[in-house]
Protein chains: 2
Amino acid sequence: MRRKRIRNWENRLREEGYKITSPRKTILSVFEQLGGHPNAREVFNDLSLRSPDIGLTTIYRTLELCVRLGILKKYDFGDGHSRYEIANEKTDHHHHIICEKCSKVIEYRDFLDEETMLIKKIQNKLERKYHFKIKQHALDFYGLCKECIDEKQGSE
Amino acid sequence: MRRKRIRNWENRLREEGYKITSPRKTILSVFEQLGGHPNAREVFNDLSLRSPDIGLTTIYRTLELCVRLGILKKYDFGDGHSRYEIANEKTDHHHHIICEKCSKVIEYRDFLDEETMLIKKIQNKLERKYHFKIKQHALDFYGLCKECIDEKQGSE
DNA sequence: ATGATAATGAAAACCATTTTCATTTAAAGG
DNA sequence: CCTTTAAATGAAAATGGTTTTCATTATCAT
Ligand SMILES: [Mn+2]
Ligand SMILES: [Mn+2]
Ligand SMILES: [Zn+2]
Ligand SMILES: [Zn+2]
């Protein structure tokens, strides 16, 4: 009964007529194992020992393909690198708290009920008022993480 | 009594020891007159007739300087160009609705009361839970604008 | 296995932004 | 005004993330 959707991204690729290649398996394994929000180069570095034969180009291509197919989500947290994370089921919607100093990212998914409902309400209001079809939203908080606050204290 | 803070950005520059130069005046005038969220090249193009002698480099430098001094706000809406808008008084906090197809941006500032309060509440919760000092937030909605929805219909 | 076609990697191109550096300009003091 | 001097400017080059090109390789339906 268990393990049913292990590597369901393989099916996604097949559905769309893409091939299941060795580089793609390797690159996706990074996301399955490490988690987090790595950028292209971080994936590349992570693979440099295990699979030094995979080019950075292929990593970029695979990441973009996976975003297009909904296998990965792409974020821009403002540090000049696109970042990616694996997209799980419907249940995994979450928001981010980003440190403006060191770029650390914390996820939070324990929304208050009122939070979820209010976002829906706002979304409906906006769709009607501005004739937009809203597909997604991002509620991100920016500030300083504990470490960066402490650092700042020390240096004053 | 009126016109008191016209060009209060000049004072901001002076306060910090920067010079009031002709390129800076011209670049800021674009924001005062046009509004919107132009990127560096759009400012450059807008000035190309009026002031063809201002280099793109200077525009980049002026925009970044103004962001540092709080005269402009900088946004990244995910289309690969940093965008800027003039920062007015406290009262002008607003959120954005962005078309993923044509990059059109709509601002909305008519927040529901519950909206404002809830954001504060969430922020407090997150600060305590994750030991962050939160400085700002962004609640952005992404989707398709009316024109891009219609276009899509037409081509099917 | 074979062949058609998609995927890959290296290198070059792209493109927004930043840096360098020689020249010009703002503004303070005379 | 005139001089002085550090800051600001513009052109060109550099940077750095990402994309494109193209010759080679690998996948997978047959
Ligand atoms: Mn995340
Ligand atoms: Mn705005
Ligand atoms: Zn930090
Ligand atoms: Zn649109």
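Rules used in this analysis
Residues numbered from 1 in each chain as written. Chains lettered and ligands numbered in written order. Predicted model: local features only at pLDDT ≥ 70, side-chain atom pairs only at ≥ 80, totals over all residues. Heavy atoms only, no water. Least-squares fit on C-alpha atoms with pLDDT ≥ 70 in both. Core = buried A, V, L, I, M, F, W, Y, C linked by side-chain atoms within 4.5 Å. Buried < 20%, exposed > 50% of the residue type's maximum accessible area, 1.4 Å probe, protein only. Helix = DSSP H or I, 4+ residues; strand = E, 2+ residues; numbered from the N terminus. Contact = heavy atoms within 4.5 Å. Near = heavy atom within 4 Å. Polar contact = N/O pair within 3.5 Å; in protein donor to acceptor, adjacent residues only side chain to side chain. Nonpolar A, V, L, I, M, F, W, Y, C, P; charged D, E, K, R; others polar. Donors = N, O, S within 2.8 Å, 3.2 Å for Na, K, Ca; no water. Tetrahedral: all angles 85-135°; square planar, octahedral: opposite > 155°, others 65-115°. Phe/Tyr/Trp six-rings, centres within 6.5 Å; stacked < 30°, edge-to-face > 60°. Domains from an automatic or database assignment. Buried area = accessible area lost by both parts, 1.4 Å probe. Salt bridge = Lys/Arg side-chain N within 4 Å of Asp/Glu carboxyl O. Pairing = 2+ DSSP bridges.

1. As for the relation of the copies chain A and chain B
Between the two copies of the chain lies a relationship made up of a rotation around an axis and a movement along it.
Line of reasoning, step 1. In screw terms, the move from chain A to chain B is a rotation of 179° and a rise of 0.0 Å along the axis, fitting with an RMSD of 0.2 Å. Accordingly, the operation relating the two chain copies is best matched by a two-fold axis. Among all residues of chain A, the one whose C-alpha sits closest to the rotation axis is L139 of chain A, at a distance of 2.2 Å.

2. Things to note about the nonpolar core
Line of reasoning, step 1. The biggest cluster of nonpolar side chains holds 32 residues, and the ones touching the most others in it are F141 of chain A together with F141 of chain B.
Line of reasoning, step 2. For this core, the secondary-structure elements that each account for two or more residues are β3 (95-99), β4 (105-108), α5 (113-130) and β5 (133-144) of chain A together with β3 (95-99), β4 (105-108), α5 (113-130) and β5 (133-144) of chain B.
Line of reasoning, step 3. Leaving out residues up to four positions away in the same chain, F141 of chain A has contacts with H96, I97, I98 and Y108 of chain A together with I119, I122, Q123, L126, I134, Q136 and H137 of chain B.

3. Looking at the protein's contact with DNA strand D
Line of reasoning, step 1. Neighbouring DNA strand D are 19 residues; Y60 of chain A together with T21, D53, T58 and R61 of chain B lie closest to it.
Line of reasoning, step 2. Each atom of DNA strand D within 4 Å of the protein belongs either to a base or to sugar and phosphate, the latter forming 68%.
Line of reasoning, step 3. Between DNA strand D and S82 of chain A there is a distance of 3.0 Å, counted from a phosphate oxygen to a backbone nitrogen or oxygen.
Line of reasoning, step 4. Between a phosphate oxygen of DNA strand D and a side-chain N or O atom of T21 of chain B, the distance comes to 2.5 Å.
Line of reasoning, step 5. When contributions to the surface near DNA strand D are tallied by element, the ones reaching two or more residues are α4 (56-68) of chain A together with α2 (22-34) and α4 (56-68) of chain B.
Line of reasoning, step 6. Here the residues of the surface near DNA strand D are counted per class, giving five nonpolar, eight polar and six charged.

4. Some details on the coordination of the zinc ion (ligand 4)
All names here are of chain B.
Line of reasoning, step 1. Distances from the zinc ion (ligand 4) to its protein donors, C99 (SG), C102 (SG), C145 (SG) and C148 (SG), fall within 2.2 to 2.4 Å.
Line of reasoning, step 2. Classification of the site at the zinc ion (ligand 4) as tetrahedral follows from its four donor atoms and the range of 104 to 115° in their angles at the metal.
Line of reasoning, step 3. Counting gaps between the donor residues of the zinc ion (ligand 4) yields the pattern C-x2-C-x42-C-x2-C. Each member of the pair, C145 as well as C148, carries the same accessibility label: buried.

5. A short note on the packing of aromatic side chains
Aromatic ring pairs are defined here through the distance separating the ring centres and the angle between the ring planes.
Line of reasoning, step 1. Tallied over the entire structure, the rule returns four aromatic pairs over all chains.
Line of reasoning, step 2. Between Y75 of chain A and F77 of chain A, the ring centres sit 5.4 Å apart and the planes meet at 15°, which makes this aromatic pair stacked. Each of the two residues, Y75 of chain A as well as F77 of chain A, counts as buried.
Line of reasoning, step 3. Between Y108 of chain B and F141 of chain B the ring centres are 6.4 Å apart and the planes differ by 55°, which places this aromatic pair in the tilted class. Separated by 33 residues along the polypeptide, Y108 of chain B in strand β4 and F141 of chain B in strand β5 bring together distant segments of the chain. Side by side, Y108 of chain B and F141 of chain B carry an identical accessibility label, which is buried.

6. Considering the coordination of the zinc ion (ligand 3)
Six octahedral donors around a metal ideally make angles of 90 or 180 degrees; four tetrahedral donors ideally make 109.5 degrees.
Residue and element names in this part refer to chain A.
Line of reasoning, step 1. Donor atoms from the polypeptide that bind the zinc ion (ligand 3) are C99 (SG), C102 (SG), C145 (SG) and C148 (SG), placed at 2.2 to 2.4 Å.
Line of reasoning, step 2. Between the four donor atoms coordinating the zinc ion (ligand 3), the angles at the centre fall across 104 to 114°, so the site counts as tetrahedral.
Line of reasoning, step 3. Sequence spacing among the residues donating to the zinc ion (ligand 3) works out to C-x2-C-x42-C-x2-C.
Line of reasoning, step 4. Exposure remark for C148: the relative accessible area of 4% places this residue in the buried category.

7. Side note on the domain arrangement of chain A
Residues and elements named next belong to chain A.
Line of reasoning, step 1. If you check the domain split of chain A, you get domain 1 (1-88) and domain 2 (91-156).
Line of reasoning, step 2. Between the C-alpha centres of domain 1 and domain 2 the distance comes to 24 Å.
Line of reasoning, step 3. Across the contact, nine residues belong to domain 1 and eight residues belong to domain 2.
Line of reasoning, step 4. Three residues, H37, F77 and N88, lead the burial of domain 1 against domain 2; their summed loss comes to 58% of the area buried on that side.
Line of reasoning, step 5. Applying the counting criterion to the domain 1 and domain 2 interface returns zero salt bridges.
Line of reasoning, step 6. Connecting domain 1 to domain 2 are three residue pairs in polar contact (both at pLDDT 80 or more).

8. Structural notes on the protein's contact with DNA strand C
Line of reasoning, step 1. Neighbouring DNA strand C are 19 residues; T21, D53, T58 and R61 of chain A together with Y60 of chain B lie closest to it.
Line of reasoning, step 2. Considering the 4 Å shell around the protein, atoms of DNA strand C inside it are sugar or phosphate in 69% of instances.
Line of reasoning, step 3. Within the side chain of K19 of chain B, one N or O atom sits 3.3 Å away from a base nitrogen of DNA strand C.
Line of reasoning, step 4. If you list the elements that add at least two residues to the surface near DNA strand C, you get α2 (22-34) and α4 of chain A together with α4 of chain B.
Line of reasoning, step 5. For the surface near DNA strand C, a count of residues per class yields five nonpolar, eight polar and six charged.

9. Regarding the interface of chain A and chain B
Line of reasoning, step 1. Tallying the contact residues gives 38 residues for chain A and 38 residues for chain B.
Line of reasoning, step 2. In terms of surface lost to chain B, no three residues of chain A exceed L118, F132 and F141 of chain A, which account for 17% of the buried area on that side.
Line of reasoning, step 3. Notably, a salt bridge pairs K121 of chain A with E114 of chain B, separated by 2.4 Å at the nearest N-O pair.
Line of reasoning, step 4. Linking chain A with chain B are 14 residue pairs in polar contact (both at pLDDT 80 or more), by the criterion used here.
Line of reasoning, step 5. If you list the elements that add at least two residues to the side of chain A that touches chain B, you get β3, β4, α5, β5 and α6 (146-154) of chain A.
Line of reasoning, step 6. For the side of chain A that touches chain B, the element with the highest residue contribution is β5 of chain A, accounting for twelve residues.
Line of reasoning, step 7. For the side of chain A that touches chain B, the per-class residue count stands at 20 nonpolar, five polar and 13 charged.
Line of reasoning, step 8. Pairing of β5 of chain A with β5 of chain B involves eleven bridges; the strand directions are antiparallel. Across the sheet, residue L144 of chain A finds its bridge partner in β5 of chain B, namely K133 of chain B.

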